[in-house]
Amino acid sequence: MTTEHGVPIPDNHIIVIFGATGDLAKRKLLPGLFHLANAGLLPKKYRIIGSAPAHGAPTDEQFRQHAKDAVTEFGLVKPEGKAWDTFEQLLTFGAADPDNPEPLVNAVAAAEKAIGGHPRRLFHLAIPPVAAPSVVELLGATKLASRGPDGGRVIAEKPFGTDLASAKKLNETFHSVFDESQIFRIDHFLGKESVDNILVLRFANGLMEPIWNRDHISYVQIDVPEAISIEGRAAFYEQTGAFRDMVVTHLFQVLSFVAIEPPTELAAGPLRDEKSKVYESMKPVDVAHVVRGQYDGYRSEQGVNPTSDTETFVAVLPAYRQVTRRATADDHDRLPSPADADVPRGCRAGAHRARQPSDDRLRRPRLDQRPLPRQGARADDVDRSRRDDVPVRHVVLRPGRARGLRAAHPRRHARRSVAVHDGSQHRASVGALHAAPRASAAGPAVRARFVGT
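Residues numbered from 1 in each chain as written. Predicted model: local features only at pLDDT ≥ 70, side-chain atom pairs only at ≥ 80, totals over all residues. Heavy atoms only, no water.

Student: Sorry, what's going on with the nonpolar core here?
Tutor: A general trend in soluble globular proteins is that nonpolar side chains are found buried together. Residues Ile-230, Tyr-237, Val-254 and Tyr-298 are the most contacted members of the largest nonpolar core, which totals 28 residues. When residues of this core are traced back to their parent elements, those giving at least two are helix 7 (193-203), helix 8 (234-259) and helix 9 (268-280). Tyr-298 has contacts with Ile-230, Tyr-237, Glu-238, Val-304, Ser-308, Thr-310 and Thr-312, leaving out every residue within four places of it along the chain. Ile-115, Leu-125, Val-135 and Ile-183 belong to the second-largest nonpolar core, a separate cluster that totals 27 residues. (Core = buried A, V, L, I, M, F, W, Y, C linked by side-chain atoms within 4.5 Å. Buried < 20%, exposed > 50% of the residue type's maximum accessible area, 1.4 Å probe, protein only. Helix = DSSP H or I, 4+ residues; strand = E, 2+ residues; numbered from the N terminus. Contact = heavy atoms within 4.5 Å.)

Student: Even after reading the chapter, I still don't get the pattern of salt bridges, so can you show me in this structure?
Tutor: Between side chains of opposite charge, a pair can form when the charged atoms approach closely. Inspection of the entire model under this criterion finds 11 salt bridges. For Arg-292, the salt bridge identified is with Glu-311, shortest N-O distance 3.0 Å. Remark: Glu-311 occurs in the loop between strand 8 (290-293) and strand 9 (313-316) and Arg-292 occurs in strand 8; sequence separation between them is 19 residues. On the basis of relative accessibility, which here comes to 9%, the residue Glu-311 falls in the buried class. One salt-bridge network, in which partners are shared between bridges, spans Asp-23, Arg-27 and Arg-233. (Salt bridge = Lys/Arg side-chain N within 4 Å of Asp/Glu carboxyl O.)

Student: Explanation requested: the sheet that holds strand 3 (residues 91-93) in the structure shown.
Tutor: Reading across from one edge, 3-2-1-4-5-6 is the order of the six strands in this open sheet, with parallel pairing throughout. Only two strands of the sheet have a single neighbouring strand rather than two, namely strand 3 and strand 6 (183-186). If you compare each strand with its neighbour and ignore which way they point, the axes differ by 20° on average. Two elements, strand 5 (residues 153-157) and strand 6, share four bridges in a ladder whose sense is parallel. From the neighbouring strand, Ile-155 faces strand 6, where its bridge partner is Phe-184. Those strands touched by helix 2 (residues 60-74) are strand 2 (46-51) and strand 3, and its axis lies near 125° from that of strand 3. Strands strand 1 (13-18), strand 2, strand 3 and strand 4 (120-125) of the sheet are contacted by helix 4 (residues 102-115), whose axis makes an angle of about 170° with strand 2. (Pairing = 2+ DSSP bridges. Axes fitted to C-alpha atoms, helices over the stretch in contact; angles between N-to-C directions.)

Student: Help me understand the packing of helix 1 (residues 23-38) against helix 2 in this model?
Tutor: The relative placement of two packed helices comes down to the angle between their axes together with the axis-to-axis distance. Packing of helix 1 against helix 2 leaves a shortest axis separation of 8 Å and a crossing angle of 95°. On the basis of their axis angle, the class for helix 1 and helix 2 is roughly perpendicular. On helix 2, the residues touching Lys-26, Arg-27, Leu-30, Pro-31 and Phe-34 of helix 1 are Phe-63, His-66, Ala-67, Ala-70, Val-71, Glu-73 and Phe-74. For the contact of helix 1 with helix 2, the class distribution of residues is eight nonpolar, one polar and three charged. (Parallel < 35°, antiparallel > 145°, perpendicular 65-115°, else oblique. Nonpolar A, V, L, I, M, F, W, Y, C, P; charged D, E, K, R; others polar.)

Next up, the structure:
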């Protein structure tokens, strides 16, 4: 069966949201599910069960009101009329603790009886990585989930673990209950229209596709300024911080969309293959080229350690190589010719043109701050920096309009800028920087500076 638009209608489902009273469910999941219901894209028969620890768990009516408030504030469709009345009645809540899973088990049994037959089960883990193992073990112990195509599916939100070791251990826990085919590790940023549009801009645009390469782009800058604080997410944020919450998850996904080679088709498998090539070609981020900071007042947020060094602002500086004659206001940002720039392994034939790079230049590229001349440097200084790879690393900070400082583009040398050189006594540190949040509801801003050949 399909909708009037030819979209297949899914099988009947029971959808269980762990962390249903949390920030992600409030901002994304509940509004998104109602949007799908209003568009007729949810199954013909379904039930949505919210779950969280028993302490402070809401009743069904309280959960429905919570969902209505969430959809009112963050949804694209207002919660009103027959569509909302129908959706609201399909919402229930089942608390679950490792030592007392009965409320959730009973809620799933009641939903299954109401739907009839054997509906599929989908478990969405909108919870911190530290809570995921106990939830997965609970699903296995209660037989709510089991291995095999009829044993339910699980969605794991980013971040998956907190480091490599914990990610591997968490993966083993998932595999103790689920087959790999039942596990979906997702990053909800990839559902943003602004992110999907990168692929359309690159590969479905006859103007952009031929010039989206190193010969024509000076730099790509990815920004995600936000106007919100942690807003009650201290328990999550203190464990995660901006780097794990945004950079190595959301922004690396955006980076891969910006940098991938054209996939054979815009489908999940080919896209994953090309994205993997991007990550494999990168060298590890050098911590000497990462700036961390906190916004004013973070340590006074409820639940935050008064001496916390968790970052709420992070800037990772990418690779630059400045190759110009005597710098002027007009050509200070001039793109180095491909003959003078580093050539990544696997680049297109002929990209390096006149001069073959030495073997050491064929190493994989990395997110790193490349040699950059000082402001007002002479042409011979610039050339010497290029030839000898003199590590003149430079980060520029300038006063923000709101609170404290914000990171500036390393080539924009404002007269009132503060230069922070790695290895010097002016090293940036948490407490010395205060990121001024700015509104960005649509998602990440990706700026690409194009230059003439």
